[in-house]
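Summary of the model geometry
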Amino acid sequence: MSAIKLEHLVKRFGAFTALKTMDLSITDGEFMALLGPSGCGKSTTMNIIAGMETPTEGRILFGDRDMTGVPMGRRGVGFVFQNFAIFTHMTVRRNLDYGLRMTGRPTAEIARRTNAMAELLGLTALLDRPAQGLSVNILQRLAIGRSAVMEPAIFLLDEPLSNVDAAFRAVMRTELKSLQRQFRQTMVYVTHDQLEAMTMADRIAVMDHGVLQQVGTPLEVYNTPANTFVARFIGSPGMNLFTGKLTQTDAGLAVDLGPLGISPPLAPATASAAKRANGDVVYGFRPEEVTLAQPGEPALALPLNLTERIGARTILHLGTPQAEVRAVFQSGTAIPAGILRLAPAPAAVRLFDAGSGAALQVA
Amino acid sequence: MTIAEVQPLSKLKPARDDGARLGFRLTLPAQLLVLFIAVFPLLMQLYISLTDWSPLSGASWPQAWQFWNSFANYSDLISDNRLWSALGRTLFIIAICVPIEFLLGLGLATLFVDDFPGKRVAYSILIAPMMVVPAVAGYMFFMLFQSGGPVNDILSWFTPDPVAIAWLSDRHLALVAVMVTDIWQWTPLMFLILLAGLVGVPSDQLKAAALLGASPWQRFRTIVIPRMKTIIIIALAIRVIECFKIFDTLFIMTGGGPGVATETISVYIYKVTTNDLIWGYVAAIALAILIVLSIGAVWAMKRLAR
């Protein structure tokens, strides 16, 4: 069994708390991404799973087995380091078969498995080259192959693509995903790059300041962020969020956004969720989910400050420096100059409690 | 306008060449001085080694040709049993002391890679022997190994009768005492050099090896030792060369005695120089050792480079 269960994990380094009561279940064969900004505790979580760190409190289970006290060499996990940690004083072959040799497998088996892995990763021609001086892209494959050849049931990757170039990163994203489909390992993937997490992971665990913020499929995390942090962190650019007061208008319940004016009326479902708010709310909508309002349609009137054209899409920066709104349109859209009237799609509006930042769930 | 433009074409040379030649000319005086310092004593030694000259002969050394004896000194050298046994003894001391110093230093360095309470104090105490002037260390151990000295006192705690071993007057024990002193004084140097090497072993590679299932000993053998190879060679080379010249502590403790029981190459040369005053012969010994050592060093370097 290679499901992973983290129970009430706490990790403190002296006075600093890196991880605050983390609970997470990763099912067998799942690709789980730990996503968050630097210092959010994702690498600490990973190191605890691998056994490089001991948790201050809590337990780690692989299947039903408690692994908390098991030393790292006996956990049978594959681990790919951010800087690859390739043994540069050995050849490519010696790197690939290191684990097999150290665990005393028969020579014939070592050769067979090493050659198969080299074939799979396109390293066959390089097997007898010294690992020193190979390109980063090759080292990256070697690092993955060195762990994969051990056929671990659990594979941990610590920001494996952050040191390789952008073109190769795109290739590796698809390759890693197909490798995982092939071997059906449980994969835990630490990254600060949401694109990697969104494209590869079955589920994403978003973390911040040592606290698990939300666990869900990429679309769940994108569509129904659990709180304002996830809303802002996921998406490029992140969600537009403005604090305001609920007000009753002629057309229904809306949010008074102060200097930005009064929002278009809320959709009925959102309005019923809004009733659960105590006090102010945060009004949020995705930059991609806005339209230019027709005359007479309720909208936010905002001055256009800057237009970023990035090929297929155009990103508009609107509003005031204190309350900046971003909107994304297809590049073909005609953008008028001056004041733009922007209408967030009513169903796409998300409300959060202004005090706690938690989402006000649509029932 | 550059200089090249005003020069005739035939005299044009690549600028780099000019620079190199100018550099050579400018450093020539310094190079000659260094050459003189290095080569002159060798030539002087070679000259004297072919004569029976001694400072008591009344002539100054340039007149040593008056005592010309061709290669008699070198043929004496081959049949000089005392020289050969001194050489053997020196090699024996190297063969025992350097490996012990290496293993002790490596063991201590391994301990000091990780943090433990009182590490800084322990570190200072550990490297202190290296700071002691060898002559002082010699006197310290001379007193420690006296028959009424602390070494025997400590041994007496474990035996029913008081121990009164005459360490420095016994042929075998004197050699042991001398080697203990050398190990005490020079293990810290090994420790320091090897610690620097150990700290330089990348910790993520050790972690990667551990995660791939390598035991601590396998990690040590496959990651630590290959990574430290250069440093280990340097540490061993320094100690072998230094140990070959062992003199100060040893001379103060035993003076090469009892008899010739602890007489090393350095002590033998010293005695021939100051007591027997046959300088032509000393020069021959020194030159022969230099040649043999140089050949040995070149051979060792070539082997290691492979």
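Remember, predicted model here, so these are calculated numbers, not experimental data.

Let us now look at the overall build of chain B. Each helix and strand in chain B was counted, giving 13 helices and zero strands. For chain B, the N- to C-terminal ordering of α and β elements is α-α-α-α-α-α-α-α-α-α-α-α-α. Computed over its C-alpha atoms, the radius of gyration of chain B comes to 27 Å, more than 25% above the 19 Å expected for a compact globule of 306 residues. Its C-alpha atoms put chain B at 95 × 70 × 30 Å along the principal axes. Per-residue burial for chain B yields a buried fraction of 25% across its 306 residues. Taking the contacts inside chain B whose residues are at least 6 apart along the sequence as the reference set, 67% of them involve residues at least 24 apart.

What follows is about the pairing of strand β8 (residues 186-191) of chain A. All names here are of chain A. Taken across its six residues, β8 has six buried, putting it largely inside the fold. Of the two faces of β8, the one lined by T186, V188 and V190 and the one lined by M187, Y189 and T191 are each fully buried. Two strands pair when backbone bridges link them, and strand β3 (residues 31-35) and β8 are joined in this way by five bridges, in the parallel orientation. Looking across to β8, one finds that L34 is bridged to V190. Where strand β7 (residues 154-158) and β8 come together, five bridges link them in parallel fashion. Each bridged residue has a counterpart across the sheet, and for F155 the counterpart in β8 is M187. This β-α-β element, β7 to helix α6 (residues 166-183) to β8, shows right-handed connectivity.

Glancing now at the domain arrangement of chain B. All names here are of chain B. Entries for chain B in the domain assignment read domain 1 (48-79 + 264-306) and domain 2 (95-262). Each of domain 1 and domain 2 was reduced to a C-alpha centroid, and the two centroids are 32 Å apart. In this complex, domain 1 contributes five residues to the contact, which on the side of domain 2 involves seven residues. A total of three residues in the side of domain 1 that touches domain 2 trace back to one element, the largest contributor, which is helix α12 (residues 265-276).

Every buried residue of helix α9 (residues 203-211) of chain B is listed here: Q205(B), K207(B), A208(B), A209(B), A210(B) and L211(B). Summarising the contacts, the buried residues of α9(B) are in contact with α1 (42-50) and β6 (77-80) of chain A together with α10 (216-244) of chain B. A positive phi of about 100° marks G213(B), the residue just after α9(B).

Moving on, we come to unusual backbone geometry. All names here are of chain A. With an omega dihedral of -5°, the bond running from S236 to P237 counts as a cis peptide bond. Locating P237 in the fold gives a position in the loop between α9 (228-233) and β11 (240-249). Of note, the phi angle at T21 is positive, near 40°, even though the residue is not glycine. Examined against the element boundaries, T21 turns out to sit in strand β2 (residues 16-26).

Quick notes on the rules
Residues numbered from 1 in each chain as written. Chains lettered and ligands numbered in written order. Predicted model: local features only at pLDDT ≥ 70, side-chain atom pairs only at ≥ 80, totals over all residues. Helix = DSSP H or I, 4+ residues; strand = E, 2+ residues; numbered from the N terminus. Rg over C-alpha atoms; globule rule 2.2 N^0.38 Å. Buried ≥ 20, exposed ≤ 12 C-beta atoms within 10 Å, placed from the backbone. Contact = placed C-beta atoms within 7 Å. Pairing = 2+ DSSP bridges. Right-handed = clockwise from strand over helix to strand, strands pointing away. Domains from an automatic or database assignment.

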